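The lines below spell out each chain.
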Amino acid sequence: MNYSAKTIVLLTSLMISQGCANTVEMRTISQWMAELEEEDLAQVRDRSSQKLDDMAFPLSGRVEPFAAVEVLKLPKGQLDIKKVEGDDAEKKVLVEIKEKKEKRAITRKLVFKLIRDGQSGKWVVDDVYRPEKIRGGDTAYRSIAQQMSLLLAVQEFEQVWSQGDREDVLSGCSPRLARVLADLPPADLGHILSKIHGKHSLSGKFKPQARMSNDTAEISFRKNGRTIVAAFRQFDGQWKVDDVAAKSSRKSDSGETEITSVQDLAKVLVTANTFRDAYERKDKQALSKICTVQFFQGALETSDLSAFPLPEVSNGEGNNADIKIIQGRADYVVKGEREVLQISLVRSQDDTPGAPRIYHVDDVTVFDWNHRQEKKLAAVFTAHQAMRIYSAALADRDLNMLEFYSTRDFQQRAWKRLNSESIHSIPLDDIPAVVPVVENTVFQGPLTEITVNQGGRPVTYVLRALRGKMKVDDVLFPAVGRPDSLKETIELLLPIHEFAAGLESGDLNQVAEFSTREFNGSVWSQCRRIPQLGFPAADHLRTTLQRVENTNPEHVQVILGNQNLGAIVWLLKQNHAYRVDDVRIIRGPDQIQDQVQLKRHVRLALAEGKQETGEDQQVVPADFEVIGEEMFPESLGSSAPVQQATEEPPVLRRP
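Heads up: these notes are all about the structure in this document. (Residues numbered from 1 in each chain as written. Predicted model: local features only at pLDDT ≥ 70, side-chain atom pairs only at ≥ 80, totals over all residues. Heavy atoms only, no water.)

1. Re the overall build of the protein
The helix and strand inventory of the protein stands at 20 helices and 23 strands. Looking at the protein residue by residue over its 655 residues, the buried ones come to 49%. By sequence separation, contacts in the protein at least 24 residues apart represent 54% of the contacts at least 6 residues apart. Put simply, the protein shows about 32600 Å² of open surface, and 46% of that area lies on carbon and sulfur atoms. (Helix = DSSP H or I, 4+ residues; strand = E, 2+ residues; numbered from the N terminus. Buried < 20%, exposed > 50% of the residue type's maximum accessible area, 1.4 Å probe, protein only. Contact = heavy atoms within 4.5 Å. Areas by Shrake-Rupley, 256 points an atom, 1.4 Å probe, with all protein chains shown as cover.)

Structural data, given as structure tokens:
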């Protein structure tokens, strides 16, 4: 313990002063040191003050004061009193002790505080101070009484927690640790105590290492092959256990759970047990207090809890519960015969010194071994409802609802790039606008797949659990030669439809916005307005999606319509979004007579200074490849499937 500047000045002055030893002080100190070396508790207590007896030499069967004295390693040897200061009631005595260490003498200093006993009138030792070098080269004076008090508290902690008596354990804890341990069932508390001290019966010698700072201390020691670290706090002069950590160093104990904090472990157990009890009683008021707001409101508040009872597993007693705590998050896992219950918790931050740990349930998952499913409560209770809302929003083209019920990825790649007008141009023929009928639901942790019959067509809604709420991440449907994903389809068709709308309205800025940098630089930046093309390009670009060639995900060919009214669009991904790099207009089966390459077509029109180009003009630029003689076969998708090559060069090539 550190003492005031006044005390340090006094002790320092004693150490540097010279003087003759007083016979009474010499006799009192030498007799006390001798009895201490002889480990005569009665005599040491007789020559100590009541305060020193209570703090360092109590009459208790649980502690061994002389084992603590041995830890302190007080010097032994010839005494030499260098200075005495004080009065007839209290004196401070600077003592030098010469002890032999490996054939050489070492002089060490102690400062004794002596007081006159009120009953016998004799001088007794009230405390001993040992100078220690601290950071910065200064000297701090540590009270032996305080150090002994802490070491004895550690001894009592070791005894009491090994024996497992509930009342004794709680009485030796700080108020916040005692409160949380008191809420544990006896079996849970016993399980924690056994994990602290390990499974072995042998114990090593008492050799703790301590760090003290005013009213807090941290003690570490080894016992039964485990390293135990205990944090202590002083309350009304008594050292109390405030937290404990333990880790096994034996390979045979590798299966034992490492405990990083008994406070956290106990609070997680209490919160998980409270949640299970409140859930079983359908007590939503209690659940609202121990769950995060997002989880309670998203999964539990409006749900029928009786529709999904938690699995019948033991109550987390004994060694059946497995708890892992990492950086403010915890997982409580308890296993049954056919199911496993996992309760995930998050710790609330409270920087107030001495504040109790607070954990809230953030998610609950049930692992069903029989059906190989991982069911989250948010998915079980709200996935079907979210799917139906989403289906209705698709039918109504309700962009606000689609954004709200979509994941961030779905929003960024699709809905946020549309507006209330453009959303009506996106074809949704693969998802009929009728009420879906659920046929199958698969729970895979954060992902839930709901397969429905929608207008006679199978459609799968893929939902993701995010902070207690279900969000749609994609909608899947059968497709050949093109994406079976609504997210990918919109991502491809959106720039094409916006590009077409710009051509149709003559909006050069919109056309440029959805074109690649090269297309803009070589074509649109040269235009004051969009030239007359001589054919309705927008009509060709709004035809049905037939096939997608995407051997390179950055360069994609999109085939639209048919051989009489269609188009091939080259898309390049720039700034995380696809943009039109060129378009081939298809107006008939003849590749020479009926096809127009838009980029070259506009370039020639600009070069010739014309506002219109001939209806029959056709351009095939050298920087693109014709992808096949039969662009639109009658049996599309079967005779011309998409070739998913991973090592072949892309269809789109540059010179």
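2. Section: the environment of Pro185
With respect to the helices, strands and loops of the structure, Pro185 is situated in the loop between helix 8 (175-182) and helix 9 (186-197). Since its relative accessible area comes to 22%, Pro185 is described here as partly exposed. For Pro185, the residues in contact, after removing those within four places along its chain, are Arg166 and Asn273.

3. As for the sheet that holds strand 6 (residues 209-213)
Note on sheets: strands pair through backbone hydrogen bonds, and any given pair is parallel or antiparallel. Taken in spatial order, the 4 strands make up an open sheet running 6-7-8-9, and their pairing is antiparallel. Edge positions in the sheet fall to strand 6 and strand 9 (238-248), since each has one partner strand and no second. Put simply, the sheet's adjacent strands are angled 15° from each other on average, direction ignored. Where strand 7 (residues 216-223) and strand 8 (residues 226-235) come together, 8 bridges link them in antiparallel fashion. Note on strand 8: the bridge partner recorded for Ser220 is Val229. (Pairing = 2+ DSSP bridges. Axes fitted to C-alpha atoms, helices over the stretch in contact; angles between N-to-C directions.)

4. A word on the environment of Val24
Relative to the assigned elements, Val24 resides in helix 2 (residues 23-38). It is 9.6 Å that separates the C-alpha atoms of Val24 and Lys122, two residues lying 98 residues apart in sequence.

5. Topic: the pattern of salt bridges
On inspection of all chains with the given rule, the structure shows 38 salt bridges. Notably, a salt bridge pairs Glu25 with Lys91, separated by 2.5 Å at the nearest N-O pair. Note that Glu25 is positioned in helix 2 and Lys91 in strand 2 (residues 90-101), a separation of 66 residues in sequence. A salt bridge links Asp368 to Lys375; the nearest nitrogen and oxygen atoms lie 3.8 Å apart. As far as burial versus exposure is concerned, Asp368 and Lys375 are alike and both buried. Among the charged side chains, a network of salt bridges with common partners joins Asp409, Arg413, Asp473, Lys487, Glu491 and Lys573. (Salt bridge = Lys/Arg side-chain N within 4 Å of Asp/Glu carboxyl O.)

6. Details of the packing of aromatic side chains
Enumeration over the complete set of coordinates arrives at 15 aromatic pairs. Plain terms: the ring middles of Phe410 and Trp415 are 5.4 Å apart, the flat faces sit at 40° to each other, and that makes the pair tilted. By relative accessible area, which is 0% here, Phe410 ends up buried. Taking relative accessible area as the criterion, Trp415 reaches 2% and is therefore assigned buried. Ring plane angle 40° and centroid distance 5.2 Å describe the contact between Phe519 and Trp524, whose orientation is recorded as tilted. In this structure Trp524 comes out as buried when scored by relative accessible area, which is 2%. Each residue in the set Trp32, Phe57, Phe66 and Phe112 is aromatic and connected to the rest through ring pairs, giving one cluster. Sitting above the plane of the Phe410 ring, Lys487 keeps its charged end 5.8 Å from the centroid. One Lys or Arg, Lys599, reaches over the ring of Phe519 and ends 5.2 Å from the middle of that ring. (Phe/Tyr/Trp six-rings, centres within 6.5 Å; stacked < 30°, edge-to-face > 60°. Lys NZ or Arg CZ within 6 Å of the ring centre and 35° of its normal.)

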